[in-house]
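Observations on chain architecture
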Amino acid sequence: MDDRTLFLKEITEAFGPPGLEDAVAAILRRRTEGFCQIGRDNIGSFIATKKGTSAEPKVMVAGHMDEVAFMVTDVEPSGFLRMRPLGGWWPHVLLGQRIRLRTRKGEFLGIVGSKPPHDLKPDERKNVLEFNDLFVDMGVGQGFDVVEATGVRRGDFAVPHGPFETLANPNQHVVKAWDNRIGCALAVDLLSELRKADHPNTVYGVATVQEEIGLRGAATCAEQVMPDIAFAVDVGIARDTPGYKGGDKCQERLGGGASVLLLEGHVVSHPRLVRFVLDVAEEEKIPHHTTSLEGGGTDAARFQITGRGIPSMAICVPSRYIHSHSSLLDRRDYEAALKLLVAVVRRLDAKTVARIRG
Ligand SMILES: [Zn+2]
């Protein structure tokens, strides 16, 4: 594996539920130490600063470190665990999957229990289970005390178990947590790329905490940095699989390049900033497409309404099957997004930023 693939494997496999992202921050620190000034906000977000040929303007590029995960809410007398979701889960994708539970005694594997079809009544087969119906099996059995062996207690965190692997298509990697370790990787790799080229500004490569449970680190980071322009870097939703039918919903696809998010829910990306980014992509012939999100949103939504307002937008890497154990992306799209960010940041001097801000 080359250095970048190893880095992507390490960062996606890291344990980082909302609220406990330290393992991810440690990897990002190692990747930026020596050429950036490193800081945190008070709830754990990571902020690496790289000054260019001018201190102003301030440009922030931020991924989020947390992943959709679980918290233990009950240990039944039998030893089975009950959990609550952290972030948006469709319980359908969880049955029979493995999770990694972290306790004061270490890390342990568990299984989300499911009934075999033999025992399902006809109406049960049609139902989607509610999260409350799910339970986790840590190896419940005669003569084995789950609490004693694992040290599990209420409040412990678990994440999906979904290791990094490459498909027959050598550009496509499957792993848990592309959402949004790919954004964290982009934020710090942008900083390393900028070592090779001048940039007329100060760049903040940021990795926020607790995005999946309400854009919380986005609020504190934007407040701390107070940038002139802010980009969220996140996964986009590739709608190139069976089940999506034509029209504008099919805009984003794996291998289509970087994607520029025009609209997320009710949040409009800053139009002059979007136009600027699309112009740069065309000028530099960087593969790209535009997209929109009907539900959910990115940290850009929070950046936009910080202080007196910050022109913000999101640049994404298309991904299939996010919020599951097996998310998929094409590394060429990651490289396109990185190239686009470098080209954009190198052009954001004081005059250009003033023109965009209007
Ligand atoms: Zn997400």
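Residues numbered from 1 in each chain as written. Predicted model: local features only at pLDDT ≥ 70, side-chain atom pairs only at ≥ 80, totals over all residues.

Each helix and strand in the chain was counted, giving 10 helices and 18 strands. Expected size for 358 residues packed as a compact globule is a radius of gyration near 21 Å; at 21 Å, the chain falls within 12% of this value. In terms of overall dimensions, the chain has C-alpha extents of about 70 × 45 × 40 Å along its principal axes. Looking at the chain as a whole, 47% of its 358 residues are labelled buried. Within the chain, contacts between residues at least 6 apart in sequence are counted, and of these 75% link residues at least 24 apart. (Helix = DSSP H or I, 4+ residues; strand = E, 2+ residues; numbered from the N terminus. Rg over C-alpha atoms; globule rule 2.2 N^0.38 Å. Buried ≥ 20, exposed ≤ 12 C-beta atoms within 10 Å, placed from the backbone. Contact = placed C-beta atoms within 7 Å.)

Time to look at the pairing of strand 18 (residues 327-330). Going residue by residue along strand 18, you find S327 and L329 tucked away on one face and L328 and D330 tucked away on the opposite face as well. Summarising the sheet, strand 11 (residues 172-175) and strand 18 pair through 4 bridges and their orientation is antiparallel. Considered in strand 18, the bridge of H173 is made with L329. Pairing analysis gives 2 bridges linking strand 17 (residues 312-320) to strand 18, with the strands arranged antiparallel. (Pairing = 2+ DSSP bridges.)

Turning our eyes to something else, we now look at helix 6 (residues 216-225). Of all 10 residues that make up helix 6, 8 are buried, and the element is covered over most of its length. For helix 6, the complete set of buried residues consists of R216, G217, A218, A219, T220, C221, A222 and V225. Where the residues of helix 6 are buried, they touch strand 2 (46-51), strand 3 (58-64), strand 12 (202-208), strand 13 (229-237) and helix 8 (300-304). Where helix 6 terminates, the next one or two residues include M226, which has phi positive at roughly 45°.

What follows deals with the nonpolar core. General note: in soluble globular proteins, nonpolar side chains tend to be found buried as a group. Of all hydrophobic cores here, the largest spans 82 residues; its most connected members are V61, V206, A337 and L341. Not counting chain neighbours up to four residues away, the residues in contact with V206 comprise S45, F46, I47, M60, V61, A62, A187, C221 and V225. If you look at the next biggest cluster of nonpolar residues, it comprises 20 residues, including V72, L86, L94 and V146. (Core = buried A, V, L, I, M, F, W, Y, C linked by C-beta atoms within 7 Å.)

Below, the discussion takes up the environment of V75. Looking at the element boundaries, V75 is found in strand 4 (residues 69-75). Here V75 is in contact with L81, V147 and V152, once residues within four sequence places are set aside.

One can describe the packing of helix 2 (residues 22-32) onto helix 5 (residues 178-193) by two numbers: an axis separation of 10 Å at closest approach and a directional angle of 20°. Taken as axis vectors, helix 2 and helix 5 run roughly parallel relative to one another. The chirality of how helix 2 crosses helix 5 is right-handed. In this structure, helix 2 contributes V24, L28, R31 and T32 to the contact, and helix 5 contributes R181, C184, V188 and L191. The class makeup of the residues in the contact of helix 2 with helix 5 is 5 nonpolar, 1 polar and 2 charged. (Axes fitted to C-alpha atoms, helices over the stretch in contact; angles between N-to-C directions. Parallel < 35°, antiparallel > 145°, perpendicular 65-115°, else oblique. Left-handed = near helix turned anticlockwise from the far one by under 90°. Nonpolar A, V, L, I, M, F, W, Y, C, P; charged D, E, K, R; others polar.)

Take the domain arrangement of the chain next. Segmentation of the chain into domains returns domain 1 (3-67 + 176-357) and domain 2 (69-160). Contacts between domain 1 and domain 2 engage 11 residues on the former and 12 residues on the latter. Considering only residue class, the side of domain 1 that touches domain 2 consists of 5 nonpolar, 3 polar and 3 charged. (Domains from an automatic or database assignment.)

The end-to-end C-alpha distance of helix 7 (residues 271-283) is 18 Å, a good match for the 18 Å that 13 residues give at a rise of 1.5 Å each. Among all positions in helix 7, only L273, V274, F276, V277, V280 and A281 are buried. All buried residues of helix 7 fall inside an arc of 160° around its axis, so they share one side. More than 90 degrees from the buried face of helix 7, the exposed residues found are R272, R275, D279, E282 and E283. In this structure, the buried residues of helix 7 make contact with strand 13, strand 14 (258-264), strand 16 (288-293), strand 17, helix 9 (331-347) and helix 10 (350-357). (Expected span 1.5 Å × (residues − 1). Arc of directions from axis to C-beta.)

The next thing to look at is unusual backbone geometry. The omega torsion of the bond from E56 to P57 falls at -5°, within 30 degrees of zero and hence cis. Tracing the backbone through its elements, the reader meets P57 in the loop between strand 2 and strand 3. The backbone of Q210 shows a phi angle near 55°, a positive value even though the residue is not glycine. Mapping Q210 onto the fold places it in the loop between strand 12 and helix 6. Positioned with a positive phi, M226 is a non-glycine residue whose angle comes to about 45°. Overall, the presence of 15 C-beta atoms within 10 Å leaves M226 in the partly exposed class.

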